[in-house]
Amino acid sequence: MVAGLACLASPCAAQQVPTEPTSTHIFPAGGRRGTVVPVRVGGEFLPPYTRFRLFGEGVSAPPELVERATGNYEPSPRRKPGGSPITYPREWKSEIAIAADAPPGQKLWRTSSAGGGAGGRPFIVGDLPEFIETESNSVPDRAERVQLPVTINGQIAGERDLDYFRFEAAAGDVVSIDVVAARLGSPLDPVVEIQDLHGRRQTVEEIRVGSDPVIAFRVPASGEYRLLISNLNFHGGPHFVYRATISTAPYVLFAFPPGGRLGQSSEIELFSLDGNRALRSVKESIQFSAGASGEFLLNTATPTANVVTLDATDQPVALETEPNDTSATATSTTWPGVSYGRLSSGDDTDWFAVTAGKDQALTVECLPLPRGSGSLPVISICDAGGATLAQASTAALLPKPCRLEWRAPAEGRYFVRVQDVRREGTVAAYRLAIRSTRPDFSLAAAADIANVVQGARGELELRVDRQGGLAGPIDLAIEGLPEGVRFEPAQIPAGQEVVKLAFVAIDETRPGDAILKITASAKAGEETISRVASAAHLGRDVEGVSLGAPSIDHVQLTVRHKQVFRLFCNEAYQYANRGTIYPYQMEVERLNGFDGPIQLEMGDRQIMDLDGVEIVNSTFPAGTSQLMLPLYMPETMHINVQPHSNIYAQGFVVFQDKWGQRQSMLQVSEMRCMIRPLPTVARLRTREKSISIKAGESRTCVVQLDRTSNFGGAMRVELAAPPAHLHMDPVVIPADQSVAVVTIAADSELRQLPAQIKLRGAGGLPRDVTVVSEVILPVTAE
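Thresholds applied
- Residues numbered from 1 in each chain as written.
- Predicted model: local features only at pLDDT ≥ 70, side-chain atom pairs only at ≥ 80, totals over all residues.
- Heavy atoms only, no water.
- Helix = DSSP H or I, 4+ residues; strand = E, 2+ residues; numbered from the N terminus.
- Contact = heavy atoms within 4.5 Å.
- Polar contact = N/O pair within 3.5 Å; in protein donor to acceptor, adjacent residues only side chain to side chain.
- Pairing = 2+ DSSP bridges.
- Axes fitted to C-alpha atoms, helices over the stretch in contact; angles between N-to-C directions.
- 1 Å grid on protein atoms, 1.4 Å probe; cavity = no way out; pocket = protein on both sides within 12 Å on 5 of 7 lines; lining within 4 Å.
- Points joined across faces, edges and corners; volume = space filled by probe spheres on them.
- Buried < 20%, exposed > 50% of the residue type's maximum accessible area, 1.4 Å probe, protein only.
- Lys, Arg positive; Asp, Glu negative; His and termini not counted.
- Salt bridge = Lys/Arg side-chain N within 4 Å of Asp/Glu carboxyl O.
- pLDDT = per-residue confidence, 0-100.

Enquirer: In this structure, what is going on with the environment of Arg687? I would like to understand it.
Expert: Turning to its location among the elements, Arg687 is positioned in the loop between β63 (682-686) and β64 (691-693). With residues up to four places along the chain from it excluded, the contact list for Arg687 reads Val702, Gln704 and Val739. Of the polar contacts made by the side chain of Arg687, one reaches the side chain of Gln704; its length is 3.2 Å.

Enquirer: How should I be thinking about the sheet that holds strand β15 (residues 150-155) in this particular structure?
Expert: Backbone hydrogen bonds hold the strands of a sheet together, and the pairing may be parallel or antiparallel. The strand order β13-β15-β22-β17-β20-β19 describes an open sheet built from 6 strands, whose pairing is mixed. What marks the edges here is a single partner per strand, and that holds for β13 (130-132) and β19 (205-209). Here the strands of the sheet are splayed against their neighbours by 20 degrees on average, with no regard to which way each runs.

Enquirer: Even after reading the chapter, I still don't get the sheet that holds strand β67 (residues 726-727), so can you show me in this structure?
Expert: Pairing within the open sheet is antiparallel, and its 4 strands lie in the order β63-β65-β69-β67. The open sheet terminates on both sides in strands that have one partner only, identified here as β63 and β67. For β67 and strand β69 (residues 739-746), the ladder comprises 2 bridges, and the chain directions are antiparallel. Paired with Leu726 across the bridge in β69 is Ala746.

Enquirer: How should empty space enclosed by the protein be read in this particular structure?
Expert: Regions of empty space are outlined by a rolling probe, equal in size to a water molecule, passed over the atoms. All chains considered together, the criterion is met by 3 cavities of 30 Å³ or more. Taken as a whole, the largest cavity encloses approximately 60 Å³ of empty space. Around the largest cavity, the lining residues are Thr24, His25, Ile26, Ala29, Trp109, Arg121, Pro122, Leu184, Gly185, Ser186 and Val241. Among the elements of the structure, β1 (22-27) and β12 (121-126) are those that each provide at least two residues to the lining of the largest cavity.

Enquirer: For this particular structure, what's the right way to read the side chain of Asp657?
Expert: Examined against the element boundaries, Asp657 turns out to sit in the loop between β60 (649-656) and β61 (662-668). For the buried Asp657, no salt bridge exists, and the shortest N-O distance to an oppositely charged side chain is 5.9 Å, to Arg510. One polar contact links Asp657 to Gln661, side chain to side chain, over a distance of 2.7 Å. Residues in contact with Asp657, not counting those within four places in the same chain, are Pro511, His561 and Gln663.

Enquirer: In this structure, what is going on with the confidence of the model for the protein chain? I would like to understand it.
Expert: Confidence in the prediction for the protein chain averages 93 pLDDT; 96% of positions are at 70 or higher. The model gives residues 1-13 a pLDDT under 50, and that stretch makes 20 contacts with residues more than four places away or in other chains.

And the structure:
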């Protein structure tokens, strides 16, 4: 039978959902030093015993995800179903221990299993008190109180979810709220609002750090205020996570100068938001270390609401001197060297004068500081008459830096002009570097994860940024390859900028994870240039902005176990009534000696909204190949809106491989369960509009069954998901009858009434179909 079903997998009926496992989120997305943080790890197509690994100093966690978690989420409204793909991430319980001396900032975590690995996502270690939101806080009256300073961890976990918080502040305080979402890899597009206790929206200053909002609120009068965080569009889910840091310490927009020379002392000025679209400033004297060039974290006695990064260089340093808005007032600079400047508005222009000899090749590069400021520099080289000889734009070159290589046509004085593409925006600092052009390159992997199946081949894209005329071949070497895996090609051909790096595993390669370091080497004359490949993780926004480094210096290779089973079903429409549980035949093909049980459940990814359809979790017993999978078609499905339902099931297994390692694997059905819904055959209701309940007493209620001619059998009615301290003995409405009385009993220990109770009735139809009808009864207190 399996072979017959497999033949149905024609191109028009091929698998329509991505099947690679992926991580989606962690909640909370960070924690305070010296604490143990219970977390929920989210992902799609992650089976039990998925491996969970942390990267970074001072954090640790159990090595596997074993128990599923369920958050207390705000429900999403039922919408008319559409044809857009939809996902249902699942969450797993874990905990992360953060050492008291753990370095603050971004750590990474990854998941992997026999089915493959997923890219790294951030977990943030902080110093402030942490607050985790508790639903429901979606109305102003249920706003949760927080005390500043604090970092709030929240989820916009439902389509109508709103998160309200309240805090106290004194008149004249400038309260900054930094909402981190996209910089965590979250799909949330936050909307942030401050209200007074009467619900009046307050005036705030808002900027963007990458894609995320930061607001500054100058408090007009001492008292309590409300914070509202929501999503710009109607979407929501457990993976819509955020961290919001609220503080009255200065939120530093930029420092000037934003860098300095290694080993030297300098005075810098920190410019922070003031809530009125002006800037406050404070001066600090700092000592630049004598270490390596690059970014470093500012550590001063002045407390700040955000992390401030500065640039350190081993080159001579110059600062722009205003006015320098024309070539006649240009700031003189030399090369090699670094000039630090700032653009005060979108139409500001900075000019620098530089001298070059005939045929002198120069490389000019301009970077905004800090990353995520939103600045999009444009650099131009002009002659003495102001004519543009060469130009480079950040917007045009992304993801490469704003950099141009130019050769002077004659000896003389030339000008470098720096502008910002933005016509409006906040003050932006930048780093302008000028050096003699020399051969060089960098190498970047498109992802920080690669997967290869035993006996098969996996690929990872590498991109080369060639500079200074370096056009020759580039040799590749990889440290950390597991035994039985080789890579190809060993060389990037001359002139080529993109290559597919292939990992090839033999059949007997041991499944598991390996950390790889990819090194590339190229010849420039007699010199050999070597560079380590960087890899982009998932904790960054569309602009490449992250809370820490947006890339890392390694790639994880996961050797996947060979597939041990395949799932199929008859991909032809069947008919089922709304308000029934319908058995749909599934089949399994067992592979590579696997004969154990297989757990079936709803697929984490679907090609369309399911309109409330559910799969009742089921198990293929060991050695079996067929199963009737129960599909629940709720009576509340929209009528005449969606003429059919297409449901993907998934199954997972846990087994021991030939090396004695525990492995877990999840597979998605290669075909859809296809159902055309029919009208309901019965409807359960109550004669009472509500029920009053009192501790230690019982109350009765009359249930009415409205039947059609298609259902004349008995129906058993029971209390669904009984609230604590409430009980009901099941009753049966006999065949061909329509009324019964149920009794709800409350224990004397009952302290808090539920808002409602649900009664569920179930009866039988031919062909093992179950009729299901539910009624909601509001609860009132006597």
